[in-house]
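# Coordinates in review
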Amino acid sequence: MFFSDEFLADDRKFKKLMTAMVSLTILLLLFSFCFGIPTVKGSSMEPTLHEGDRYFVVKSPLVKEYEKGDIVFLHLPGSKKMIVKRIVAMPGERVVLNSKKSIILKEDEVFLMGDNRGDSFDSRDFGPVKEKELKGKFIKKIFGRKASD
């Protein structure tokens, strides 16, 4: 047996252990569904985020609304690969793609771009993204190079 009969017979110790185990389980479940600490891969968000930076995120169930300027993460459309981008246009806004073409975002769409415009695969390539596709947003860098703002 994992615990001795003496330990199990002491009700207070057993209750404390069970309380600690249940609390830890709840904390782990809450963290896995509502928060995260992903690692940046690639250079599309430089100079804000760099390869290897780790940051704290709040996942979709807890995000009440997104705003222009938020750094968000989502699955690359048509893929399981997770990407990080900045919201540069919100529903109803016009986005100028080039001198001959612009689009107006639908009421449930956002336009995303990497901060490193010359090295980013973003909404200019895969189009606007539905807000419901966003998996959460960046809250704070917790490890990595100092960002230049």
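Here is a short report on the structure shown in this document. (Residues numbered from 1 in each chain as written. Predicted model: local features only at pLDDT ≥ 70, side-chain atom pairs only at ≥ 80, totals over all residues. Heavy atoms only, no water.)

## Let's talk about the sheet that holds strand β2 (residues 54–59)
Strand order in the open sheet formed by 7 strands is β1-β2-β9-β3-β4-β7-β8, and the pairing between neighbours is antiparallel. The open sheet has two edge strands with one neighbour each: β1 (35–36) and β8 (129–130). Against the sheet, helix α2 (residues 11–34) makes contact with β1 and β2, and its axis sits at roughly 90° relative to β2, the strand it touches most. (Pairing = 2+ DSSP bridges. Helix = DSSP H or I, 4+ residues; strand = E, 2+ residues; numbered from the N terminus. Contact = heavy atoms within 4.5 Å. Axes fitted to C-alpha atoms, helices over the stretch in contact; angles between N-to-C directions.)

## A few points about the nonpolar core
Judged by nonpolar contacts, the single largest core of 16 residues is most densely connected at Ile 87, Val 110, Leu 112, Val 129 and Leu 134. Not counting the four nearest positions on each side in its chain, Leu 134 is found in contact with Ser 60, Tyr 66, Val 72, Phe 73, Leu 74, Ile 87, Val 110, Leu 112 and Val 129. By size, the runner-up hydrophobic cluster in this structure holds 9 residues, among which are Met 45, Val 57, Ile 71 and Phe 73. (Core = buried A, V, L, I, M, F, W, Y, C linked by side-chain atoms within 4.5 Å. Buried < 20%, exposed > 50% of the residue type's maximum accessible area, 1.4 Å probe, protein only.)

## Structural notes on the packing of aromatic side chains
The description of an aromatic ring pair uses the distance of the two centres, along with the angle that the planes make with each other. Applying the stated criterion across every chain, the model contains 3 aromatic pairs. Taking 5.5 Å as the distance between ring centres and 20° as the angle between the ring planes, the aromatic pair formed by Phe 35 and Phe 56 counts as stacked. Remark: Phe 56 occurs in strand β2 and Phe 35 occurs in strand β1; sequence separation between them is 21 residues. On the basis of relative accessibility, which here comes to 25%, the residue Phe 56 falls in the partly exposed class. Considering the side-chain rings of Phe 121 and Phe 126, the 5.6 Å spacing of their centres and the 55° angle between planes classify their relative orientation as tilted. Phe 121 sits in the partly exposed class, given a relative accessible area of 47%. (Phe/Tyr/Trp six-rings, centres within 6.5 Å; stacked < 30°, edge-to-face > 60°.)

## A few points about unusual backbone geometry
What you tend to see is this: most non-glycine residues have negative phi, and most peptide bonds are trans. Pro 47 follows Glu 46 through a cis peptide bond whose omega is 10°. Along the polypeptide, Pro 47 turns up in the loop between β1 and β2.

## Let's talk about the pattern of salt bridges
Counted according to the given criterion, the structure contains 6 salt bridges. Between Lys 68 and Glu 93 there is a salt bridge; the shortest N-O distance is 3.1 Å. With Lys 68 in the loop between β2 and β3 (71–75) and Glu 93 in the loop between β4 (82–89) and β5 (94–98), this residue pair connects regions lying 25 residues apart in the sequence. Relative accessible area serves as the criterion here: at 48%, Lys 68 is assigned to the partly exposed category. (Salt bridge = Lys/Arg side-chain N within 4 Å of Asp/Glu carboxyl O.)

Honestly, that's just the spatial picture; any functional story needs more than this.
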